[in-house]
Amino acid sequence: MEIIAHRGASEFAPENTIASFEKAIELQADAIELDVRLTKDGELVLSHDSTIKRLTNEKGFVHNYTLKQLKSFDFGSKFSKKFKGEKIATFDEALQLLKQTDMTLHIELKNGPVMMPQLEEKVLQHVSHYHMEDRVIYSSFDHKSLQHLYRLDPNVKLSVLFFGNLVDPFYYIDHLSFPLYGIHPNYYYVTEQMVQEAKKRHLQTNVYTVNDIDFATHYKNIGVDGLITNDPSIFK
């Protein structure tokens, strides 16, 4: 089972930062998951939330700030004084670092509450610039965003994220207008039957977000392909 560092090694360093990715590399994670958004001036930065309130002492939406403004904020101190001065990471900075490894990269596309145009185009352009197409899996809760990615590049690997306990997720999956590489369900609702149904369709099942060793062992035993975790050392 592949160990996927959720927003980097976010148990040990501020999420989606270079420090978090460096820690995930140190802990020998198999892959890294990160979240990409657009700034006011059209730059790609890494942020799970639409606002910066949770991670900084500032407030406001990411899309209302320029990259220069975001880079002036402290994204580390709220996590620990040890990381005081840690800056928001750009997508480009993350790719520069991860290009030097052989890790798989799970890119979650984030949009809203304002839908920023060109997100998908710019992400594809950056990945292509670093020649990392074969190492990337794209995911999103915004399945229209995945559909748009497929229309831009039919060779992309796509995984749908979903949270709730859906009545018949595979009916929905079977009727999508684009092919899937995998599914990323919330671990609350993952069953062995779900994993087997995915395998019948040759889909990878990557479960989020598991930080408990007993749960992790259970999902490994029922055939889950990837464990998205804040603690990449979970099995060590």
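Going by an unreviewed UniProt entry, the protein chain carries the name Glycerophosphodiester phosphodiesterase and comes from Candidatus Pseudogracilibacillus intestinigallinarum.

Student: I keep staring at the side chain of Ser233 and nothing clicks. Help me out?
Tutor: If you trace the backbone, Ser233 turns up in the segment after strand E9 (226–229). Accessibility expressed as a relative area gives 19% for Ser233, which makes it buried. At 2.5 Å, the side chain of Ser233 and the side chain of Asp231 are in polar contact. Residue contacts for Ser233: discarding those within four places in its chain leaves Phe12 and Leu27.

Student: For this particular structure, what's the right way to read the packing of aromatic side chains?
Tutor: Note on aromatic pairs: each is described by the distance of the centres and the angle between the planes. Applying the stated criterion across every chain, the model contains 10 aromatic pairs. Ring centres of Tyr187 and Tyr188 lie 5.0 Å apart, and the angle between their planes is 75°; on these two criteria the pair is classed as edge-to-face. Overall, Tyr187 belongs to the buried group, its relative accessible area being 19%. Look at Tyr188 and you get exposed, because its relative accessible area is 53%.

Student: Is there a simple way to explain a nonpolar patch on the surface in this structure?
Tutor: Together, Met1, Ile213 and Phe235 make up an exposed nonpolar region whose accessible area comes to about 230 Å². The residue Met1 is located in the segment before strand E1 (2–6) in this model.

Student: Honestly, the pairing of strand E7 (residues 182–185) in this entry has me stumped. Any pointers?
Tutor: Every regular strand shows the same layout, with side chains that alternate between the two sheet faces. Judged by which residues are buried, E7 turns out to be covered on both faces: Gly182 and His184 on one side and Ile183 and Pro185 on the other are all buried. Bridge count between strand E6 (residues 158–162) and E7: 4 bridges; the pairing is parallel. For Ser159, the partnering residue across the bridge sits in E7 and is Gly182. When E7 meets strand E8 (residues 204–207), the two strands line up parallel, connected through 2 bridges. The partner of Ile183 across the bridge, within E8, is Thr205. For the crossover that starts at E7, traverses helix H7 (residues 192–200) and ends in the parallel E8, the hand is right-handed.

Student: I'm lost on the UniProt feature "domain: GP-PDE" (unreviewed entry) in the protein chain in this one. Help?
Tutor: The positions that UniProt labels "domain: GP-PDE" (unreviewed entry) are, in the present scheme, residues 1–236. A helix fraction of 28% and a strand fraction of 19% characterise residues 1–236, whose end C-alpha atoms lie 13 Å from each other.

Student: Looking at this structure, I do not really get the packing of helix H1 (residues 18–26) against helix H3 (residues 91–98). What am I missing?
Tutor: The geometry of a pair of packed helices is captured by two quantities: the angle between their axes and the separation between those axes. Here H1 crosses H3 at 20°, and the two axes come no closer than 10 Å. As far as their axial angle goes, H3 and H1 are roughly parallel. Note that H1 runs across H3; the crossing there is right-handed. On the side of H1, the interface is formed by Ile18, Phe21, Glu22 and Ile25, while H3 contributes Glu93, Ala94, Leu97 and Leu98. Within the contact of H1 with H3, the residues separate by chemical class into 6 nonpolar, no polar and 2 charged.

Student: Looking at this structure, I do not really get the pairing of E9. What am I missing?
Tutor: Neither face of E9 is exposed, since Gly226 and Ile228 on one face and Leu227 and Thr229 on the opposite face are all buried. Two strands pair when backbone bridges link them, and E1 and E9 are joined in this way by 4 bridges, in the parallel orientation. Residue pairing for E9: Ile3 is matched across the bridge by Leu227. Two strands pair when backbone bridges link them, and E8 and E9 are joined in this way by 2 bridges, in the parallel orientation. Paired with Val207 across the strands is Leu227, a residue of E9. Once the chain exits E8 it traverses helix H8 (residues 213–221) before rejoining the sheet at E9, and the crossover so formed is right-handed.

Student: I tried to follow H8 on my own but got confused; where do I start?
Tutor: Each full turn of the α-helix corresponds to 3.6 residues, which orients residues three or four apart in the same direction. Two or three places before Asp214, at the start of H8, stands the capping residue Asp212, its side-chain oxygen 2.9 Å from that residue's backbone nitrogen. Immediately downstream of H8, the backbone of Gly223 shows phi near 100°, a positive value.

Student: How should I be thinking about the pattern of salt bridges in this particular structure?
Tutor: Side chains bearing opposite charge may pair, as long as their charged atoms lie close to each other. Counted under the stated rule, the structure contains 11 salt bridges. Between Lys23 and Glu26 there is a salt bridge, with the nearest N and O atoms lying 3.1 Å from each other. Placement of the pair is Lys23 and Glu26 together in helix H1, with a separation of 3 residues, close to one helical turn. A relative accessible area of 24% places Lys23 in the partly exposed class. A relative accessible area of 55% means that Glu26 is categorised as exposed. Arg201 is the partner of Glu197 in a salt bridge, and the nearest nitrogen-oxygen pair spans 2.8 Å. Looking at Arg201, the relative accessible area reads 28%, which means it is partly exposed. One network of salt bridges, in which partners are shared, links Arg7, Glu15, Asp35, Asp49 and Arg54.

Here is what the cut-offs are and how they apply
- Residues numbered from 1 in each chain as written.
- Predicted model: local features only at pLDDT ≥ 70, side-chain atom pairs only at ≥ 80, totals over all residues.
- Heavy atoms only, no water.
- Helix = DSSP H or I, 4+ residues; strand = E, 2+ residues; numbered from the N terminus.
- Buried < 20%, exposed > 50% of the residue type's maximum accessible area, 1.4 Å probe, protein only.
- Polar contact = N/O pair within 3.5 Å; in protein donor to acceptor, adjacent residues only side chain to side chain.
- Contact = heavy atoms within 4.5 Å.
- Phe/Tyr/Trp six-rings, centres within 6.5 Å; stacked < 30°, edge-to-face > 60°.
- Patch = residues over 30% accessible without salt bridge, like charges linked within 9 Å, V, L, I, M, F, W, Y side chains within 5 Å.
- Areas by Shrake-Rupley, 256 points an atom, 1.4 Å probe, with all protein chains shown as cover.
- Salt bridge = Lys/Arg side-chain N within 4 Å of Asp/Glu carboxyl O.
- Pairing = 2+ DSSP bridges.
- Right-handed = clockwise from strand over helix to strand, strands pointing away.
- UniProt positions renumbered as here; feature names shortened; annotations may be inferred.
- Axes fitted to C-alpha atoms, helices over the stretch in contact; angles between N-to-C directions.
- Parallel < 35°, antiparallel > 145°, perpendicular 65-115°, else oblique.
- Left-handed = near helix turned anticlockwise from the far one by under 90°.
- Nonpolar A, V, L, I, M, F, W, Y, C, P; charged D, E, K, R; others polar.

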